[in-house]
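Below, each chain spelled out in residue letters.
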Protein chains: 4
Amino acid sequence: MKWLKAAAEEIVENIKRSVQELNMKDVEKLIDLLLKAKDKKIFIVGMGRSGFVGRAFALRLMNLGFNVYFLGETITPAAEKGDLLIAISGTGSTKMVLTASAAAKDICATVVAITSFPESQLGQTADLVVTVKGRTKEGSPREEDYLARQIIGEREPLTPLGSIFENNCMVFLDSLVVELMHRLGRTEADLKRRHATIE
Amino acid sequence: MKWLKAAAEEIVENIKRSVQELNMKDVEKLIDLLLKAKDKKIFIVGMGRSGFVGRAFALRLMNLGFNVYFLGETITPAAEKGDLLIAISGTGSTKMVLTASAAAKDICATVVAITSFPESQLGQTADLVVTVKGRTKEGSPREEDYLARQIIGEREPLTPLGSIFENNCMVFLDSLVVELMHRLGRTEADLKRRHATIE
Amino acid sequence: MKWLKAAAEEIVENIKRSVQELNMKDVEKLIDLLLKAKDKKIFIVGMGRSGFVGRAFALRLMNLGFNVYFLGETITPAAEKGDLLIAISGTGSTKMVLTASAAAKDICATVVAITSFPESQLGQTADLVVTVKGRTKEGSPREEDYLARQIIGEREPLTPLGSIFENNCMVFLDSLVVELMHRLGRTEADLKRRHATIE
Amino acid sequence: MKWLKAAAEEIVENIKRSVQELNMKDVEKLIDLLLKAKDKKIFIVGMGRSGFVGRAFALRLMNLGFNVYFLGETITPAAEKGDLLIAISGTGSTKMVLTASAAAKDICATVVAITSFPESQLGQTADLVVTVKGRTKEGSPREEDYLARQIIGEREPLTPLGSIFENNCMVFLDSLVVELMHRLGRTEADLKRRHATIE
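Residues numbered from 1 in each chain as written. Chains lettered and ligands numbered in written order. Predicted model: local features only at pLDDT ≥ 70, side-chain atom pairs only at ≥ 80, totals over all residues. Heavy atoms only, no water.

Caption draft 1: Highlighting helix 1 (residues 2-20) of chain A. Residue and element names in this part refer to chain A. In this model, helix 1 (19 residues) spans 27 Å end to end at C-alpha, consistent with the 27 Å of a helix rising 1.5 Å per residue. Of all the positions in helix 1, only Leu4, Ala7, Ala8, Ile11, Val12, Asn14, Ile15, Ser18 and Val19 are classed as buried. All buried residues of helix 1 project into a common sector of 160° when viewed along the axis, lining one side. Exposed side chains of helix 1 directed beyond 90 degrees from the buried face belong to Lys2, Glu9 and Gln20. (Helix = DSSP H or I, 4+ residues; strand = E, 2+ residues; numbered from the N terminus. Expected span 1.5 Å × (residues − 1). Buried < 20%, exposed > 50% of the residue type's maximum accessible area, 1.4 Å probe, protein only. Arc of directions from axis to C-beta.)

The following block contains the structure:
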């Protein structure tokens, strides 16, 4: 079981480092955008495993009372000026995420990129980039369009490195939810009470 | 309840006409492609309501023993040369469907378009177009990219006309399944037996 | 192509008959419940192909401005007293649909069953049953729990009969949307304008 | 940002502890079952955030060449004797997961539970339980049926503790994938080559 243990250690070390290396000024800006979006709509977009992490975050934002949607599911209303799109892509070059981000910019919605590559096309499109480190070794192949890879036959690497971004991102976003909870002045008991009565 | 009845009549009339107006040579080519794809992979793609019709078709192809996947769901293997992509889009201009189709062409997969507009970008990309009539009145707005509309705030029309393509398409594909079943020499009892033992 | 044509004819004949055989008093009650639910939450539940039809209906209700969710997707808030659950199951015995319906009853939400079998367990649980005919021949096997069938290895029949309920249901619900649109006094232009500005 | 940092630390500490507390004999049995299932079907089931973690695992198993499906998605074939169901539920009492597990047992499929509560109903049903620790403090409320909670209005807690199981589970399963990769004698380059040619 040495590989399992080594992989878990590597994942944990990467999570710790990625949290330490977060630019807290950017995270503060993201929190500001989220708190100001309480009466706006928030959209989350991501493909593949980044999409699963995005859905887990969306579910928590809904728990906190935000008006949030995951792009591509049945009930996704149209966005409008002032809404917020949170685009999750390790490489910042996933084509469907880029398409959604460009469309959001066209209608003057605010785009936040969560990516390892701030200089990527997604990073350049976004109004705010929160950099979450992924692969830290050289020679990391750039992730390409998810749908295209499904068609073309390429896949992300299967070593621990390949899963680093998603794990880092999941812990970052779950921790962000706790910060938001406290900023909103809510205790777990408050939230439970709130859930039992108004939802 | 006059509107409900009138709408149902209009939908039914459109279904009947759309079946009559099918180009059976093209349908025959589609059947050939499907039967030859028994040991290949078949991918279905479509957005919004066209996507739900596509999923219903995919489920039936699976029942018939085909190796079929709906693009965007978790378990979607990479495609390769010789595989088949069935792209469903009323207008033939849904961006995500175009992206998938272009990627499929790049790897020499075969693309079949099911659309009301054979001259659309999707129609021009595809190796085979099966035209399923949708709106038959003039001035029908071209459907645009689904994701973009979600972001931008436009939506498909809500009158009966807006649902014509999806209903026509669902009846066409369900009828195609029956034709395939008979071509494959299977009775309902055969299929049930097969399902009870090997699936 | 005789099988395709025969199947399409059979599907169309069944759609026409199922609309004629609708109990319009029950449909009127459903419309009342929907119109009264404008400031409540509406949940749709269905498995397999019934689920795809349910999602297509949910999308249209959202277009009309309803507060609607499809059970099982990421963003599904908790239900409360007075909310509406629309449960779609041809046989009325799909276990997951029954589970959701029982839970809805427990919290005094209103349950509407759309089924071919009003005397089924779902029909007996529901506050309102709208009967949509499916298979009309004798000996139709009762559909069983979808998940269980996935595990156990049984599947719905593949002949046209097997798809009858879903097609009937899709045309009924699309026509109901048109009726609702007119009851709400909305034209297609109104709705488009509304979508461009408030969504 | 103190809450974010504290939450991240707590999550990381819990991940580390949960990996240390894994019963490696049980993990070895799970690996055996997976390796023996190479020519069988593997089904993953989980609701809500556990479901997103399950999908991320399913995607990786597919990358490794396993014949794997996520229950509830369109293309999910029927299971049969000898197939493997991996059921993920922190509390081991999620009703839909229990339903699927019971159905799997009925047809003599093998059920593996991944849960924090080996003595739960899921744990008692399963042929093998891999315990992944979640909340370690006293008084942890038992998670209940996900669908029921959606209807009834209860939700999982929002404090860091509420997300502990999912994070622990994601790191465990991603590490397990690396172990499997090495057991199967595959390098990242092998896998890439394999993906480029046979998928």
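Caption draft 2: Inspection of the sheet that holds strand 1 (residues 42-45) of chain C at higher detail. All names here are of chain C. Strand order in the open sheet formed by five strands is 2-1-3-4-5, with parallel pairing between adjacent strands. Strand pairing shows two members of the sheet lacking a second neighbour, strand 2 (68-70) and strand 5 (128-131), which therefore form its edges. Each adjacent strand pair in this sheet contributes to an overall mean axis angle of 20°, direction not counted. Bridge count between strand 4 (residues 110-115) and strand 5: four bridges; the pairing is parallel. In the sheet register, Ala113 faces strand 5, and the bridge partner there is Val129. Against the sheet, helix 2 (residues 24-36) touches strand 1, strand 3 (84-88), strand 4 and strand 5, its axis set at about 125° to strand 5. Running at roughly 160° to strand 2, helix 3 (residues 48-63) makes contact with strand 1, strand 2 and strand 3 of the sheet. (Pairing = 2+ DSSP bridges. Axes fitted to C-alpha atoms, helices over the stretch in contact; angles between N-to-C directions. Contact = heavy atoms within 4.5 Å.)

Caption draft 3: Representation of the packing of helix 3 (residues 48-63) of chain A against helix 3 (residues 48-63) of chain D in the model. Two numbers describe how helix 3 of chain A lies on helix 3 of chain D: the axes approach to 9 Å, and their chain directions differ by 175°. What the angle tells us is that helix 3 of chain A and helix 3 of chain D run roughly antiparallel. Residues A:Gly48, A:Arg49, A:Phe52, A:Arg55, A:Ala56, A:Phe57, A:Leu59 and A:Arg60 of helix 3 of chain A touch helix 3 of chain D, and the partners they reach there are D:Gly48, D:Arg49, D:Phe52, D:Arg55, D:Ala56, D:Phe57, D:Leu59 and D:Arg60. Classifying every residue of the contact of helix 3 of chain A with helix 3 of chain D gives eight nonpolar, two polar and six charged. (Parallel < 35°, antiparallel > 145°, perpendicular 65-115°, else oblique. Nonpolar A, V, L, I, M, F, W, Y, C, P; charged D, E, K, R; others polar.)

Caption draft 4: Layout of the packing of helix 1 of chain A against helix 1 (residues 2-20) of chain D. Look at helix 1 of chain A against helix 1 of chain D: their axes get within 11 Å of each other, and the N-to-C directions meet at 175°. If you check the angle between helix 1 of chain A and helix 1 of chain D, you find them roughly antiparallel. The segment helix 1 of chain A lies against helix 1 of chain D, with A:Ala8, A:Val12, A:Ile15, A:Lys16 and A:Val19 engaging D:Ala8, D:Val12, D:Ile15, D:Lys16 and D:Val19. Classifying every residue of the contact of helix 1 of chain A with helix 1 of chain D by side-chain character gives eight nonpolar, no polar and two charged.

Caption draft 5: View of the environment of A:Tyr69. Here A:Tyr69 lies in strand 2 (residues 68-70). In the structure, A:Tyr69 is positioned 32 residues away from A:Ala37 in sequence and 13 Å away in space, judged by C-alpha atoms. The residues contacting A:Tyr69, other than those within four sequence positions of it, are A:Lys41, A:Ile42, A:Phe43, A:Ile44, A:Ile75, A:Thr76, A:Pro77 and C:Ile75. Of note is the side chain of A:Tyr69, whose polar atom sits 2.9 Å from the side chain of A:Asn67. (Polar contact = N/O pair within 3.5 Å; in protein donor to acceptor, adjacent residues only side chain to side chain.)

Caption draft 6: Representation of the side chain of C:Asn63 in the model. Tracing the sequence through the fold places C:Asn63 in helix 3. In this structure the side chain of C:Asn63 is engaged in a polar contact, spanning 3.0 Å, whose partner is the side chain of C:Arg60.

Caption draft 7: Spatial organisation of the packing of aromatic side chains. Inspection of every chain in the model, using the stated rule, returns four aromatic pairs over all chains. In this structure, C:Lys38 packs its charged tip against the face of C:Phe66, placed 4.3 Å from the ring centre. (Phe/Tyr/Trp six-rings, centres within 6.5 Å; stacked < 30°, edge-to-face > 60°. Lys NZ or Arg CZ within 6 Å of the ring centre and 35° of its normal.)

Caption draft 8: Just empty space enclosed by the protein, in detail. The final tally for this structure, using the stated rule, is nine cavities of 30 Å³ or more. Its boundaries defined by the atoms lining it, the second largest cavity holds a volume of some 70 Å³. What lines the second largest cavity is simply B:Tyr69, B:Phe70, B:Glu73, B:Ile75, B:Thr76, D:Tyr69, D:Phe70, D:Glu73, D:Ile75 and D:Thr76. A class-by-class count of the residues in the lining of the second largest cavity yields six nonpolar, two polar and two charged. (1 Å grid on protein atoms, 1.4 Å probe; cavity = no way out; pocket = protein on both sides within 12 Å on 5 of 7 lines; lining within 4 Å. Points joined across faces, edges and corners; volume = space filled by probe spheres on them.)

Caption draft 9: Region of the structure containing the nonpolar core. Judged by nonpolar contacts, the single largest core of 89 residues is most densely connected at A:Ile86, A:Phe172, A:Leu176, D:Ile86, D:Phe172 and D:Leu176. Excluding its chain neighbours within four sequence positions, the residues that come into contact with A:Ile86 are A:Leu30, A:Leu34, A:Ile42, A:Phe43, A:Ile44, A:Val45, A:Phe57, A:Val112 and A:Ile114. Of all hydrophobic cores here, the second largest spans 88 residues; its members include B:Ile42, C:Val19, C:Val27 and C:Leu180. (Core = buried A, V, L, I, M, F, W, Y, C linked by side-chain atoms within 4.5 Å.)

Caption draft 10: How the structure looks around the pattern of salt bridges. Tallied over the full model, the rule gives 48 salt bridges over all chains. Taking the shortest distance from any N to any O, the salt bridge between A:Glu73 and A:Arg55 comes out at 3.2 Å. Note that A:Glu73 is positioned in the loop between strand 2 and strand 3 (84-88) and A:Arg55 in helix 3, a separation of 18 residues in sequence. Here D:Lys133 ties to D:Glu21 by a salt bridge, and the two come within 2.7 Å at their closest N and O atoms. Within this pair, whereas D:Lys133 is found in the loop between strand 5 (128-131) and helix 6 (146-152), its partner D:Glu21 is found in the loop between helix 1 and helix 2 (24-36), the two being separated by 112 residues in sequence. Overall, the relative accessible area of 33% leaves D:Lys133 in the partly exposed class. Here the salt bridges do not stand alone but share partners, grouping A:Arg49, A:Glu166, D:Arg60 and D:Asp174 into one network. (Salt bridge = Lys/Arg side-chain N within 4 Å of Asp/Glu carboxyl O.)

Caption draft 11: Representation of the environment of C:Gln124. Residues and elements named next belong to chain C. In this fold, Gln124 is placed in helix 5 (residues 121-125). Note: C-alpha distance between Gln124 and Val19 (105 residues apart in sequence) is 23 Å. If we skip the residues at most four places from it in the chain, Gln124 touches Pro118 and Glu119.

Caption draft 12: Main features of the sheet that holds strand 5 (residues 128-131) of chain B. All names here are of chain B. With parallel pairing, five strands are arranged side by side in an open sheet as 2-1-3-4-5. Each edge of the open sheet carries a strand with a single partner, namely strand 2 (68-70) and strand 5. Averaged over all neighbouring strand pairs, the angle between strand axes comes to 20°, with direction disregarded. With four bridges connecting them, strand 1 (residues 42-45) and strand 3 (residues 84-88) associate as parallel partners. Looking across to strand 3, one finds that Ile44 is bridged to Ile86. Sitting on the sheet, helix 2 (residues 24-36) is in contact with strand 1, strand 3, strand 4 (110-115) and strand 5, with an inclination near 125° to strand 5. Contacts from helix 3 (residues 48-63) reach strand 1, strand 2 and strand 3, with the element oriented near 160° to strand 2.

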